[in-house]
Amino acid sequence: MKVRRSFRIVPAALAIAAAVGLFSGCGDLSREELSTGVESLSALAAQGALVADGVRRDATKSTYARVMAKTLGGEAEHEAEKLADATPAPEVRRERDAAVRAASGLAVLYLELQTFPGDEQRGARVQQRMHEAKEGIDRIVIRLTGEAP
Amino acid sequence: VKSLLQIALGIIAAIGGFLDIGDLVFNTQAGALYRYDLLWAVVLGTVGIAIYSEMSGRVAGITGRPVFDVIRTRMGFGTGLVVLLASTFVNVLTVAAELGGLAIVLELLFDAPFSLFVVVAAIGLVIIVALLPFSGVERVFGYGGLLLLVFIAVAVHQGPEWGDVAKGFVPSFASSTLYFYFVVGVFAAALMPYEVYFYSSGAIEEGWTEEDLRENRLNAVVGYALGGVLASALVVVSGYLLHPLGVEPNDLGTVALPAQDAFAETGLLMALGGMLFCVGGAAIDSSFSAAYNLAQFLGWEWGRERGPRRAPRFTASWLLFVLLAMMIVESGVNPVEITEYSVVFSVVALPLTYLPILLIAGDRSLMGEHVNGRISSTLGWIYFVVICVLALAAVPLLVATNGGGG
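Positions within a chain are numbered from 1, following the residues in the order the chain's sequence is written. As a convention, the first chain written is A and the first ligand written is 1, with the rest following in written order. Only residues with pLDDT of 70 or above have their local features reported here, since the model is predicted, and side-chain atom pairs are shown and tallied only from 80 upward, although totals for entire chains, interfaces and linings are computed over all residues. Where side-chain values are given, they derive from all heavy atoms of the structure, hydrogens and water being excluded.

**A short note on the overall build of chain B**
For clarity, the cut-off: Secondary structure elements follow DSSP: runs of H or I of four or more residues count as helices, runs of E of two or more count as strands, with numbering from the N terminus. For this measure, only C-alpha atoms enter the radius of gyration; the expected value for a globule follows 2.2 Å times N^0.38, where N is the number of residues. Buried residues are those whose accessible area, probed at 1.4 Å on protein chains only, stays under 20% of the maximum for their type, while exposed residues exceed 50% and partly exposed ones sit between those limits. Only heavy atoms matter for contacts: two residues are in contact if any of them lie within 4.5 Å across the pair. Note on areas: Shrake-Rupley with a 1.4 Å probe; residue coverage comes only from the protein chains shown.
Scanning chain B for helices and strands turns up 17 helices and zero strands. Taken over the C-alpha trace, chain B has a radius of gyration of 20 Å; the compact-globule value for 406 residues is 22 Å, and the two agree within 12%. By the burial criterion, 61% of the 406 residues in chain B qualify as buried. Partitioning the contacts of chain B with sequence separation of at least 6, the portion at a separation of at least 24 is 84%. Entry remark: accessible area of chain B is about 14,400 Å², with carbon and sulfur atoms responsible for 68%.

**Examining the packing of aromatic side chains**
Residues and elements named next belong to chain B. Note the cut-off: We call Phe, Tyr and Trp rings a pair once their centres come within 6.5 Å, taking the six-membered ring for Trp, and we label the pair stacked below 30 degrees between planes, edge-to-face above 60, and tilted otherwise. Look at NZ for Lys and CZ for Arg. If either is within 6 Å of the ring centre and within 35 degrees of the ring normal, a charge sits over the ring.
According to the stated counting rule, one finds 28 aromatic pairs over all chains in the structure shown. Ring centres 6.2 Å apart and planes at 65° place the aromatic pair Phe141 and Phe277 in the edge-to-face group. Taken as a pair, Phe141 in helix 6 (residues 134–145) and Phe277 in helix 12 (residues 257–298) lie far apart in primary sequence, 136 residues in all. For the pair Tyr292 and Trp302, a centre-to-centre distance of 5.2 Å together with 80° between the ring planes defines the contact as edge-to-face. Placement of the pair is Tyr292 in helix 12 and Trp302 in the loop between helix 12 and helix 13 (307–310), with a sequence separation of 10 residues. You'll find Tyr292 and Trp302 in the same group, each marked buried. Taken together, the ring pairs connect Phe26, Tyr34, Trp40, Phe173, Tyr179, Phe180, Tyr181 and Phe182 into an aromatic cluster. Over the aromatic face of Phe297 sits the side chain of Arg72, whose NZ or CZ is 5.1 Å from the ring centroid.

**Regarding the interface of chain A and chain B**
Defined as follows: Salt bridges are identified by distance alone: a Lys or Arg side-chain nitrogen within 4 Å of an Asp or Glu carboxyl oxygen. Polar contact is the term for a pair of N or O atoms within 3.5 Å; when the atoms are in protein, one must be able to donate a hydrogen and the other to accept it, and sequence-neighboring residues count only if both atoms are side-chain atoms. Note on residue categories: nonpolar means Ala, Val, Leu, Ile, Met, Phe, Trp, Tyr, Cys or Pro, charged means Asp, Glu, Lys or Arg, and polar means any other residue, Gly included.
Listed per partner, the contact involves 33 residues of chain A and 37 residues of chain B. When the shortest N-O distance is used, the salt bridge between Asp111 of chain B and Arg66 of chain A registers 3.9 Å. Seen at the junction of chain A and chain B, the total is 10 residue pairs in polar contact (both at pLDDT 80 or more). Going through the elements one at a time, helix 1 (9–23), helix 2 (31–56) and helix 3 (62–85) of chain A are the ones with two or more residues in the side of chain A that touches chain B. Residue composition of the side of chain A that touches chain B, grouped by class: 15 nonpolar, seven polar and 11 charged.

**Comments concerning the pattern of salt bridges**
Counting across every chain of the model gives 17 salt bridges over all chains. We note a salt bridge from Arg57 of chain A to Asp53 of chain A, for which the minimum N-O separation is 3.1 Å. Of the charged contacts, one joins Asp164 of chain B and Lys167 of chain B as a salt bridge, the two residues approaching to 3.9 Å between their closest N and O atoms. With a gap of three residues between them, Asp164 of chain B and Lys167 of chain B both fall in helix 8 (residues 162–167), about one helical turn apart.

**A few points about the side chain of Ser232 of chain B**
Residue and element names in this part refer to chain B. Looking at the element boundaries, Ser232 is found in helix 11 (residues 213–245). Owing to a relative accessible area of 9%, Ser232 belongs among the buried residues under this scheme. Sequence-distant contacts of Ser232, defined by excluding residues within four places in its chain, comprise Leu39, Val42 and Phe169.

**Some remarks on the environment of Gly299 of chain B**
Inspection of the secondary structure puts Gly299 of chain B in the loop between helix 12 and helix 13. In the structure, Gly299 of chain B is positioned 204 residues away from Val95 of chain B in sequence and 23 Å away in space, judged by C-alpha atoms.

**Section: the packing of helix 5 (residues 114–131) of chain B against helix 14 (residues 312–330) of chain B**
All names here are of chain B. Stated precisely, the cut-off is as follows: Axis lines are fitted through C-alpha atoms, for helices just across the contact stretch, and the angle between N-to-C directions can take any value from 0 to 180 degrees. The scheme is simple: roughly parallel for angles under 35 degrees, roughly antiparallel for over 145, roughly perpendicular for 65 to 115, oblique for anything else. By definition, turning the near helix anticlockwise from the far helix through less than a right angle yields a left-handed crossing, and turning it clockwise yields a right-handed one.
Two elements in contact, helix 5 and helix 14, have axes separated by 10 Å at closest approach and are oriented at 165°. When the interaxial angle is binned, helix 5 and helix 14 end up roughly antiparallel. The hand of the helix 5/helix 14 crossing is right-handed. Residues Phe114, Ser115, Val118, Val119, Ala122, Leu125, Val126 and Val129 of helix 5 lie in contact with helix 14, whose contacting residues are Trp318, Leu319, Val322, Met326, Val329 and Glu330. Counted by class, the contact of helix 5 with helix 14 contains 12 nonpolar, one polar and one charged residues.

**Looking at the nonpolar core**
What counts, and what does not: In plain words, nonpolar cores are sets of buried Ala, Val, Leu, Ile, Met, Phe, Trp, Tyr and Cys residues tied together by side-chain atoms within 4.5 Å.
Tyr52 and Phe151 of chain B are the most contacted members of the largest nonpolar core, which totals 184 residues. Contacts of Tyr52 of chain B, omitting those with residues within four sequence positions, involve Val196, Tyr354, Ile357, Leu358, Gly380, Tyr383, Phe384 and Ile387 of chain B.

**Details of the confidence of the model for chain B**
Note the following rule: On a range of 0 to 100, pLDDT expresses the predictor's confidence in each residue.
Confidence in the prediction of chain B, expressed as mean pLDDT, is 91, and 98% of residues score 70 or more. In the model output, the complex is listed with pTM 0.90 alongside ipTM 0.91.

**Observations concerning the packing of helix 4 (residues 67–110) of chain B against helix 15 (residues 335–361) of chain B**
All names here are of chain B. Two numbers describe how helix 4 lies on helix 15: the axes approach to 9 Å, and their chain directions differ by 155°. The pairing of helix 4 with helix 15 is recorded here as roughly antiparallel in orientation. In this structure, the crossing between helix 4 and helix 15 has a hand that is left-handed. Here the residues of the contact of helix 4 with helix 15 sort into 23 nonpolar, eight polar and one charged.

**Describing a nonpolar patch on the surface**
Let me state the cut-off plainly: Think of a patch as exposed residues, more than 30% relative accessible area, with no salt bridge, where like charges cluster within 9 Å and nonpolar side chains (Val, Leu, Ile, Met, Phe, Trp, Tyr) cluster within 5 Å.
There is a patch of nonpolar side chains on the surface, built from Val119, Ile123, Ile127 and Leu131 of chain B and spanning about 370 Å² of accessible area. Structurally, Ile123 of chain B is set in helix 5.

**So, helix 4 of chain B**
All names here are of chain B. Condition: Helix span, expected: 1.5 Å multiplied by one less than the number of residues in the helix. Fitting axes to the seven residues ending at a residue and to the seven starting there, one defines the bend at that residue as the angle between these axes.
The terminal C-alpha atoms of helix 4 lie 39 Å apart, and with 44 residues this falls more than 12% below the ideal 64 Å at 1.5 Å per residue. Taken as a whole, helix 4 carries its principal kink of about 130° at Gly76. One or two residues past the end of helix 4 sits Asp111, with phi positive at roughly 50°.

**Thoughts on unusual backbone geometry**
Residue and element names in this part refer to chain B. The residue Arg35 is not glycine, and still its phi comes out positive at about 55°. Looking at the secondary structure, you find Arg35 in the loop between helix 2 (21–34) and helix 3 (39–63). By relative accessible area, which is 30% here, Arg35 ends up partly exposed. Positive phi, close to 50°, is recorded for Asp111, a residue that is not glycine. Locating Asp111 in the fold gives a position in the loop between helix 4 and helix 5. Overall, Asp111 belongs to the partly exposed group, its relative accessible area being 25%.

**So, helix 6 of chain B**
Three- or four-residue spacings in an α-helix give side chains the same orientation, since the helix completes a turn every 3.6 residues. Taking 1.5 Å of rise per residue, the 12 residues of helix 6 of chain B would be expected to cover 16 Å, and the 17 Å separating its terminal C-alpha atoms lies within 8% of that figure. Listed as buried for helix 6 of chain B are Phe134, Gly136, Val137, Arg139, Phe141, Gly142, Gly144 and Gly145 of chain B.

The structure is reproduced here in structure tokens:
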């Protein structure tokens, strides 16, 4: 589960570590933490493609597609903000920037799905772009970890 | 014939009422992360809840005493108080999780603000409980929960490699703490303490006697076994569809995606409808459990069948627990997170819940000829050891895995 956590011990510890890192001039976002975040984006893109597939096939209920798009889009946006706010280690700065762009892109796609949950053509287009986004995100994961998610 | 029909209806309700939000969340996540590898944990949990429910129903039928009464008598006031506090904490978290889940499903169906649906769900549950008799509440939600059978149809429709599915029923141990976290979660989701509190108190509400022990056994064995098939289907459909795509089901809505994928809107509506009934039924069961425990511990008049006039403090405490749960959900905490915490914390309370049942069901002076047989006793103790091990591991695993975040 990689969504927002309201009462967590580990995130609190990470936040303290982040603050210490920040004041000592080091990046607070390690390669491992970044790859975990990027992998969750890959999962979000995959799920978005499934939701969009339901819209494309006219196989869903528009309220369901809309609420799912709103929820998942919120998660993508949150991830984008989280990554953008973090100070990356110098060697992963490029990947961090790419991940922020990918997360923002996902949020936009979800917004389109949320706005037009009954439009099959848009559903097909969003599904296609979700697939492409996932491929792009997976390439970032490979750059970070050396292996596909 | 009427008796057989009665039993059959009870079993059907037991199947439909088997799942709750904990099963929906943990089983779907388990499938998405580990494909079919955790099916054995579903079986382990299902057998456990069947054993202990049967025992608690038998104790209620023979002695006329529900589980919490037994706990207080057997373990004394001090320990009883600790169990009361622990179980109430877990029960309130569970009611909040179920209420939040109910609001999420309503939001998915009708797309209005979540916080509005939390209030609607709470008021709706109170009205249903006020209007229907005890058995009516149980049956309505149990039968409605049968819509979840769509997941068995989805599993068949997907046509997975059944050999791979079968391998999942053989225990395997991956070398990751996250895997063990999900073992605990899937197991504990099936064995939530509120289930036996409610089961035994419900038996007393329905006036079970020695004559009802056959129904008790069939409910627990057949009803729960079939409920276990349903729980396994959740793992299978998620493992088939979500695992290869790398989807992480962080939201309750994702549980319904495989049904939509297989049977379009009809499948989606059946899945959401089934979730609505099973989560709604569990919200009532868990809130009643909290009120039952408190009333039984303090020696108040209790029971839905007695009504607010004859059991005013019981009724007031039930309403208070629903209100408290509503406030927790309205505070903005994600219901899926509450679910995870309620399931994991419940593991810690499990030994204190199940030990007294095991002791009294094995006490010939109280149970007479209905005392635990060799098989029940052996299985009961084996499960008790398993429960104790998991209780020790639960919180460290929760911390080590960042609450399942890896």
